[in-house]
Amino acid sequence: MDASSKPTCHIVKPGHAYDGKQGLSYFQGISAETVGSKGICMHLLTMPPGARAKAHLHENHETAIYCLSGQAHTWYGDRLEHHVILHAGEMFYIPAGVPHLPANLSNAPCSAIIARTDPNEQESVVLLPELDGLVEV
């Protein structure tokens, strides 16, 4: 292996935003695309007031969320039958394959750091349009 192909450390400044399949805009962070990661991605998400994602799951990949500011409602389960409110300073874990739908029902932005065991971030996203109508916000 030559020096140019040897993995190295990177600093990533979240400046570039992209639209995820889930219907939210993320600030690009650590992923296979940005730093060549093999087993993790980490992004910054700021949901404006009233924002709502599409119902989805991450096939075969876990998700960990740390809420920096604001609060986010999340419905989860096979029929989105469970509901939690994540507040600033709290962490939320979503197992692989669990359907979920986050939304910001407050009048202030909600910012969170999201890490997944999918280095490509969007590859394992499976939209579940049949569940979207189950949550009225």
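From a predicted model like this one, the values you see are computed outputs, not experimental measurements.

Draft legend 1. Representation of a nonpolar patch on the surface in the model. Taken together, Met 42, Tyr 66, Leu 68, Met 91 and Ile 113 make up a surface patch of nonpolar side chains, about 460 Å² in accessible area. Within the secondary structure, Met 42 is located in strand E3 (residues 41–47).

Draft legend 2. Quick look at the nonpolar core. Core analysis: the biggest nonpolar cluster contains 17 residues, and Leu 24, Tyr 26, Leu 45, Met 47 and Ile 65 have the highest contact counts within it. Of all the secondary structure elements, the ones that give two or more residues to this core are E3, strand E5 (63–69), strand E8 (91–94) and strand E10 (110–116). If near-sequence neighbours (up to four positions away) are discounted, Ile 65 is found in contact with Leu 86, Glu 90, Met 91, Phe 92, Ile 94, Ala 112, Ile 113 and Ile 114.

Draft legend 3. Just unusual backbone geometry, in detail. For Asn 60, which is not glycine, the phi torsion reads 65° and is therefore positive. As for its placement among the helices and strands, Asn 60 is situated in the loop between strand E4 (56–58) and E5.

Definitions and limits used
Here, residues in each chain are numbered from 1, in the same order as that chain's written sequence. Owing to the predicted nature of the model, reporting of local features is limited to residues with pLDDT of at least 70; listing and counting of side-chain atom pairs is limited to 80 or more, with chain, interface and lining totals taken over all residues. Each side-chain value is worked out from all heavy atoms of the structure, with water and hydrogens disregarded. Patch definition: residues above 30% relative accessible area lacking any salt bridge, with like charges linked at up to 9 Å and the nonpolar side chains Val, Leu, Ile, Met, Phe, Trp and Tyr linked at up to 5 Å. Residue burial considers only the protein chains on display, and all accessible areas are found by Shrake-Rupley using a 1.4 Å probe. Any carboxyl oxygen of Asp or Glu that lies within 4 Å of a side-chain nitrogen of Lys or Arg is treated as forming a salt bridge with it. Here a strand is any run of E in DSSP of at least two residues, a helix any run of H or I of at least four, and the numbering for each starts at the N terminus. The criterion is simple. A nonpolar core is a set of buried Ala, Val, Leu, Ile, Met, Phe, Trp, Tyr and Cys residues joined through side-chain atoms within 4.5 Å. Three labels apply to residues, based on accessible area from a 1.4 Å probe with only protein chains included: buried if under 20% of the type maximum, exposed if over 50%, partly exposed otherwise in between. Contact between two residues is taken to exist if any of their heavy atoms lie within 4.5 Å; hydrogens are not considered.

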